[in-house]
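Letter by letter, the chains look like this.
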Amino acid sequence: MATETNTFSPNCIDRRAFEASLYAPPGKHPETPTLCTAPITVGRRMAAEKGWQLIEGTAAWADPAGLVNRRTYEELRDEILGQLRSALPVDAVVLGLHGAMVSDGYEDTEGDLLTRMREILGPDCSSASSSTRTALSPKNASQPPISSSSSRNSRTRISSIAPKTSGASPSTRSKGASDLSCRCSIAR
C-alpha cells in the first residue's frame, strides 16, 4: 500500500484512486512487474527456485495527491493485516513501504502498519524494506526489526504483503535512484 502524499494538496485519495492506479488482491498481481508489484514478481521466482511457499497479499498504489481518506487507509490496512493473520505462521514478511503516505488521522501510516504487524507477528519474524526516500518516524524506527535467523517450521512460508519501490536500510533517509530488486533475507 503506497502513495506520495502532498499534505498541502486539497485532492483527497480514496479507494477509487487506488483502484484506478493499482489495486491487486492476492492472485490478481500482474505477471510483469510494475512499480509496485515487483517484490511479488521477484518473490514468485525466488519461491519457485527455493521451494518456498509464497502467500501473496494485496498490493495497492494511488497516484500522488493529498491525504489518504481515513476510511480508505483503515480498510486497506485491515485487509492486509487480515491476510497476514490468515497466513500465520510465516517465517518472513516482505513489505514495500514507500514511506510517503499520510492519511487523515494517521500522520505515520507506515509506523501504524508496522506496529500492528509486530503485534500479530511477535518478535520472531523476518524482513521489512522501505524506499530510499522514506521518512522514518520515531514510531516506525522504534519497532523491533522484522528479522529472524531461525525458521519455526520445516518449510519457509513467505507472506508478501505490500509493494516495494526500492530497497534501503530502514535507518536510511536519502534521495537515490529506485531499484526493483527484492532485498530480504529468509532463514530456512
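Residues numbered from 1 in each chain as written. Predicted model: local features only at pLDDT ≥ 70, side-chain atom pairs only at ≥ 80, totals over all residues. Heavy atoms only, no water.

Asks: How would you summarise the overall build of the chain if you had to cite specific residues and measurements?
Replies: Along the chain, the regular secondary structure elements total 5 helices and 7 strands. In the chain, the succession of helices and strands from N to C terminus is α-β-α-β-β-α-β-β-α-β-α-β. Within the span of the chain, comprising 188 residues, buried residues form 51% of the whole. Considering only contacts in the chain between residues 6 or more positions apart, those separated by 24 or more positions represent 80%. Element-wise, carbon and sulfur atoms account for 51% of the exposed surface of the chain, whose accessible area totals about 8800 Å². (Helix = DSSP H or I, 4+ residues; strand = E, 2+ residues; numbered from the N terminus. Buried < 20%, exposed > 50% of the residue type's maximum accessible area, 1.4 Å probe, protein only. Contact = heavy atoms within 4.5 Å. Areas by Shrake-Rupley, 256 points an atom, 1.4 Å probe, with all protein chains shown as cover.)

Asks: Can you break down helix α4 (residues 109–121) residue by residue, with the values?
Replies: An α-helix turns once per 3.6 residues; consequently, residues spaced three or four apart project the same way. Helix length check: α4, at 13 residues, gives a terminal C-alpha distance of 18 Å against a target of 18 Å (1.5 Å per residue), a fit within 8%. For α4, the tally of buried residues reaches 11 of 13 residues, placing the bulk of the element in the interior. Residues of α4 that are buried: Thr-109, Glu-110, Gly-111, Asp-112, Leu-113, Leu-114, Thr-115, Met-117, Arg-118, Ile-120 and Leu-121. Of the residues one or two after α4, Gly-122 is the one with positive phi, at around 75°. (Expected span 1.5 Å × (residues − 1).)

Asks: I'd like to hear about helix α2 (residues 38–50), residue by residue, with values.
Replies: An ideal rise of 1.5 Å per residue puts 18 Å on 13 residues; α2 measures up with 18 Å between its terminal C-alpha atoms. Listing the buried residues of α2 in full gives Ala-38, Pro-39, Ile-40, Thr-41, Val-42, Gly-43, Met-46 and Ala-47. Trailing α2 by a residue or two, Gly-51 shows a phi angle of about 75°, which is positive.

Asks: Tell me about the pattern of salt bridges, and please be specific about residues and values.
Replies: Taken as a whole and judged by the stated rule, the model has 11 salt bridges. Notably, a salt bridge pairs Glu-19 with Arg-15, separated by 3.2 Å at the nearest N-O pair. In this pair, Glu-19 and Arg-15 are both assigned in helix α1 (residues 15–21), 4 residues apart and thus about one turn of the helix distant. Given a relative accessible area of 45%, Glu-19 falls into the partly exposed group. Of the residues examined, Arg-15 reaches a relative accessible area of 22% and is grouped as partly exposed. With its nearest N and O atoms 3.5 Å apart, the salt bridge here joins Glu-49 to Arg-45. (Salt bridge = Lys/Arg side-chain N within 4 Å of Asp/Glu carboxyl O.)

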